[in-house]
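Structural overview
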Amino acid sequence: MKSETALFSTVLASTVHDMKNSLGMMLDAVNTILGDIPNEAKQRNSAQCGVVQYESSRVNNSLMQLLAIYKIENNQLPFNPSYHNLYDFVEEQIIAHTPLLDAKGFEFEIDIDDELEIVFDDSLLTMVITNIVGNAIRYAHSKVLITYELDQGTTIKICDDGPGYPSQMIELAGDYIQGINQSTGSTGLGLFFAQKVAEMHQHGENRGSIYLENGGPLGGGVFKITIP
Amino acid sequence: MQDPIAMMKKPMVRYSQKSVLIIEDFAEFARSLRGMMITMGGKKIDLVYNGDDAIQACKEKKYDIILSDYNLGDSKDGQQILEELMHFKLLKSSAVFVMVTAENTTAMVMGALEYQPDSYLTKPFNGHILKSRLDKAIFKKDLLSPIVRKMRAKKWQEALKSCHEIAEENPKFKMACLRHRFNCLRSLKQYDKALELTTQIVNERPIPWAMLGVGEIFFAKKEYERAIELFTDMTNEFPMVLEGYDWLAKVQHIVGRPIEAQQTLQKAVERSPKALKRQKLLGEIAEENDDVETMTAAFRQAVKFGSNSAFASPDEFVKLTKSLGLQLKGNSDADRQKLLDEAESVFSKLDHRFKHDPGIQFRSAVAHADFSSITNDQQKVEKYLSTANKLYDKIEEHIGSKESIEITESLKHLGQKELAESILEEAVEQYFDDPAFIKQAEKLTTNKNLIENSRKANQLNTKAIKYFSTKDYPTASEYFYKALEIAPSNVNINLNNVQTLLKRFQSGEKDQQLLLEAERLLSGITRLAFTDPRYERYSELSRLTQLMLQSI
């Protein structure tokens, strides 16, 4: 039974890989088409362009998370922590969403000391933050704020002005694989992955963690990830 | 609403002034990358579709920005391109290299810590991200380039000073400066300071490069047990940082634990087979362990991955045929015809790849004759021996120490005593200061005087070096000349003597004759390949001699 599960995972992983390649080619093609469209027409359809780019990067991100989870289970996920400037890192996560932000007329704010250097694996944390910021833009009204707290490590906080996280999701704290819920469309993947990545970051006795709450400075959802 | 680009706090980069090389085999994506660069203002953009063209382009032009896809089909991959560009110094110190990958989690496996691009970008990405990455990478590279330039010129002290100044003014790049600082200290052999630096970083946080650094210094200080302990910790903590295994295996091998070394390398190869150097080392250690199967597999992979690489050498080809020969000798169930066919195909690849180098052709012919003797194919043995004899006189460069032993062994085995002995004699004259080599040579030669004489020359050389270190240059010279009487074409002694003559000139004996004599000795060194480890010293001493001659 166990080997069948392993076989399935391997098939899944290679399929995901293949899907990612297709998606990549599709995106390149879309970008080429977009490049050929006159600016006027592009502006008229800017909302749609934003949606195409955002939704495809969302699918891509999910696929990458799936692959990464597969690798975590097989002990193959490289973990390469290094010092990074937190402001620069967060800024880039916002820049990645520029088309969607523009399309939706969103406001964002980064409130992070620009001299703060902390240790984390940037490629893994990118997948986490990109996903959360993307969801915030998807569900909130008009504003996202990214800020931080220093305590037992560094906590990155992503706050929005949307309806907040459903209470049953907040209650799941630490067990996000349970969050899979067909009716709400939440797969739980993003949070499950975020938790895995957070836990890979350790310092001394401390392990990374994630935490959800509502309210916060913008009155919507707050996602917190603590890197020790 | 804020514009994310306006938010950037970096100085503006004028992309219209930057020359850009895009390396991408997929035409659609290449177009889209070019489009992004044009949107940023880029005007000087070149496009190539494979690794060989990329290397060629970099030989012709010094680019400011290189965007390379990692996966380039059957050609060299992006990492191989980066390693070649760095190894052959085809990048200027301020050039920025961005690796584009399809999947970011494998990025760290691909890149050796020593050869990392300035940035990894994961597909898909938009022009804003590309610009943000380039802005940051260019800013950082420009800022740090004074350090890199000084390190390239081997001006370590000045580089250390720059590290300090730049880190003071830019706390953001403190870590990058510390890393350069460590490399300078290691090059200066200031091991205690280097160790203190990396230990401090690791005590705070176990960062892979710093951890490797601690281990490397233990190794340099010959504290092998501590090195083993550290590299073992490292492979546990960072199982995907493969240099940890490479180092661990290297130390295990040195302290005489080849079985463990082999196991360590096998773990690394499992995680990433695509590494020529690692496969070669695995093959060599497996040979020592008489594990013919592992040896064959490793050299087979080395030949395979070397086909795209500028770092391929004849070693892996010859060793692969040797291991196939060993399989034929053993009465294994392996399909004999298959092994024979494979070996023939490896020889023909070897001869083709190095067709312009008579030394390698000679080595191949000897190995080929030796291999043919395993199956008693007398016709082939004679054919390749006659080829070898014809090639021998055409060899222009010194044969290396290991190669000399290998060739001598084969020739002895084939009953070619005379040729074997003359190759060994030449090698002993060149490498008598290498105790491991002499030990092997002693077993092979029948000429007792040969080893006796080489010991004498070695003693004289050692004595001369002692005088040199006490700054008694005239006496040092005297002994170098005595050593040269026994071994006139020994490159090291000739170079030692040249260095001594230059010192004599500098330290007061302003006699032009000294420089002319140095020039004469240098002009006698005619068989040194530019790939020879001694070549760098030769060329540096030649440069100095000419410089001093001009200054008169």
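Residues numbered from 1 in each chain as written. Chains lettered and ligands numbered in written order. Predicted model: local features only at pLDDT ≥ 70, side-chain atom pairs only at ≥ 80, totals over all residues. Heavy atoms only, no water.

Quick look at the sheet that holds strand S4 (residues 96-101) of chain B now. Hydrogen bonds between backbone groups are what pair the strands of a sheet, and the pairing can be parallel or antiparallel. Residues and elements named next belong to chain B. In spatial order, the strands read S2-S1-S3-S4-S5; together these five strands make up an open sheet with parallel pairing. Edge positions in the sheet fall to strand S2 (44-48) and strand S5 (119-122), since each of these pairs with one other strand and no more. If you compare each strand with its neighbour and ignore which way they point, the axes differ by 20° on average. In this structure, strand S3 (residues 65-69) lies alongside S4, joined through five bridges in parallel fashion. Of the residues in S4, the one forming a bridge with Asp 69 is Val 100. (Pairing = 2+ DSSP bridges. Helix = DSSP H or I, 4+ residues; strand = E, 2+ residues; numbered from the N terminus. Axes fitted to C-alpha atoms, helices over the stretch in contact; angles between N-to-C directions.)

Another aspect to go through is the pairing of strand S5 (residues 153-160) of chain A. All names here are of chain A. Burial runs high along S5: seven of the eight residues are buried. Two strands pair when backbone bridges link them, and strand S4 (residues 143-151) and S5 are joined in this way by eight bridges, in the antiparallel orientation. Pairing of Leu 145 across the sheet is with Cys 159, part of S5. From the end of S4 to the start of S5, which pair antiparallel, there are one residue. In this structure, S5 lies alongside strand S9 (residues 221-227), joined through six bridges in antiparallel fashion. What sits directly across from Lys 157, in S9, is Lys 224. (Buried < 20%, exposed > 50% of the residue type's maximum accessible area, 1.4 Å probe, protein only.)

Moving on, we get to helix H11 (residues 224-237) of chain B. Residues and elements named next belong to chain B. Across its 14 residues, H11 extends 20 Å between first and last C-alpha, which sits within 8% of the 20 Å expected from 1.5 Å per residue. For H11, the full list of buried residues reads Tyr 224, Ala 227, Ile 228, Leu 230, Phe 231, Met 234 and Thr 235. Considering only its buried residues, H11 is in contact with helix H10 (208-220) and helix H12 (243-254). (Expected span 1.5 Å × (residues − 1). Contact = heavy atoms within 4.5 Å.)

This brings us to the packing of aromatic side chains. All names here are of chain B. This structure, assessed with the given rule, holds 15 aromatic pairs over all chains. Residues Phe 219 and Tyr 224 carry aromatic rings whose centres are separated by 5.7 Å and whose planes lie at 55° to one another, so their mutual orientation is tilted. Side by side, Phe 219 and Tyr 224 carry an identical accessibility label, which is buried. Connected via pairs of aromatic rings, a cluster forms that spans Phe 219, Tyr 224, Phe 231 and Trp 247. The ring of Tyr 479 has Lys 482 lying over it, and the distance from NZ or CZ to the ring centre is 4.7 Å. (Phe/Tyr/Trp six-rings, centres within 6.5 Å; stacked < 30°, edge-to-face > 60°. Lys NZ or Arg CZ within 6 Å of the ring centre and 35° of its normal.)

Listed as interface residues are 37 residues of chain B and, on the opposing side, 46 residues of chain A. A buried area of about 4000 Å², summed over both sides, lies between chain B and chain A, and 59% of it is on carbon and sulfur atoms. Of the charged contacts in the structure, one is a salt bridge between Glu92(A) and Arg133(B), with a shortest N-O distance of 2.6 Å. In this assembly, chain B and chain A are joined by eight residue pairs in polar contact (both at pLDDT 80 or more). Broken down by secondary-structure element, the contributors of at least two residues to the side of chain B that touches chain A are helix H1 (4-7), helix H2 (27-39), helix H5 (107-110) and helix H6 (127-152) of chain B. Per-element accounting of the side of chain B that touches chain A gives the leading share, five residues, to H6(B). By residue class, the composition of the side of chain B that touches chain A is 18 nonpolar, eight polar and eleven charged. (Buried area = accessible area lost by both parts, 1.4 Å probe. Salt bridge = Lys/Arg side-chain N within 4 Å of Asp/Glu carboxyl O. Polar contact = N/O pair within 3.5 Å; in protein donor to acceptor, adjacent residues only side chain to side chain. Nonpolar A, V, L, I, M, F, W, Y, C, P; charged D, E, K, R; others polar.)

When the pLDDT values of chain A are averaged, the result is 82; 90% of them are 70 or greater. Mean pLDDT values over the elements of chain A span from 74, in helix H1 (residues 2-36) of chain A, up to 94, in S5(A). (pLDDT = per-residue confidence, 0-100.)

Grouped together as the largest cluster of nonpolar side chains are 92 residues, with contacts concentrated most on Leu86(A), Leu125(A), Ile146(A), Phe223(A) and Ile225(A). For this core, the element with the most residues is helix H6 (residues 122-139) of chain A, which contributes nine residues. Residues in contact with Ile225(A), not counting those within four places in the same chain, are Leu125(A), Val128(A), Ile129(A), Thr154(A), Thr155(A), Ile156(A), Ala194(A), Ala198(A), Ser209(A) and Ile210(A). Counting residues in hydrophobic clusters, the runner-up holds 39 residues, among them Ile451(B), Ala464(B), Val491(B) and Phe505(B). (Core = buried A, V, L, I, M, F, W, Y, C linked by side-chain atoms within 4.5 Å.)

Residues and elements named next belong to chain B. Its domain assignment divides chain B into domain 1 (4-142), domain 2 (154-241) and domain 3 (453-551). With centres defined by C-alpha atoms, the gap from domain 1 to domain 2 works out at 27 Å. Across the boundary between the two partners, domain 1 contributes five residues, which contact nine residues of domain 2. For the pair domain 1 and domain 2, the summed buried area comes to about 550 Å², and 73% of that belongs to carbon and sulfur atoms. (Domains from an automatic or database assignment.)

Residues and elements named next belong to chain B. Note on placement: Gln 430 falls in helix H21 (residues 417-431). Overall, the relative accessible area of 3% leaves Gln 430 in the buried class. In this structure the side chain of Gln 430 is engaged in a polar contact, spanning 2.6 Å, whose partner is the backbone oxygen of Ser 489. Ignoring anything within four residues of it in the chain, the contact list for Gln 430 reads His 398, Ser 489, Asn 490, Val 491 and Arg 534.

Glancing now at the domain arrangement of chain A. All names here are of chain A. By domain assignment, chain A separates into domain 1 (2-73) and domain 2 (82-227). Inter-centroid distance (C-alpha atoms) of domain 1 to domain 2 is 21 Å. Tallying the contact residues gives 16 residues for domain 1 and 16 residues for domain 2. Buried surface at the junction of domain 1 and domain 2, both sides included, amounts to about 1400 Å², of which 68% is carbon and sulfur. Where domain 1 meets domain 2, there are zero salt bridges. Taken together, domain 1 and domain 2 are joined by zero residue pairs in polar contact (both at pLDDT 80 or more). Looking at the side of domain 1 that touches domain 2, its residues break down into seven nonpolar, six polar and three charged.

Taken as a whole and judged by the stated rule, the model has 35 salt bridges over all chains. Residue Glu149(A) is joined to Lys157(A) by a salt bridge in which the shortest nitrogen-to-oxygen separation is 2.9 Å. Residue classification places Glu149(A) among the partly exposed residues on the basis of a relative accessible area of 34%. The class of Lys157(A) is buried, set by a relative accessible area of 13%. Through salt bridges with shared partners, a single network forms among Lys280(B), Asp315(B), Glu316(B), Arg363(B) and Glu406(B).

Moving on: the confidence of the model for chain B. Residues and elements named next belong to chain B. Scored by pLDDT, chain B comes out at a mean of 90, with 96% of its residues at no less than 70. Looking over chain B, one finds the lowest element-wise mean pLDDT in H1, namely 46, and the highest in strand S1 (residues 19-23), namely 97. Within the model, pLDDT remains below 50 along residues 1-8, and this stretch shows 18 contacts once partners closer than five positions in the same chain are excluded.

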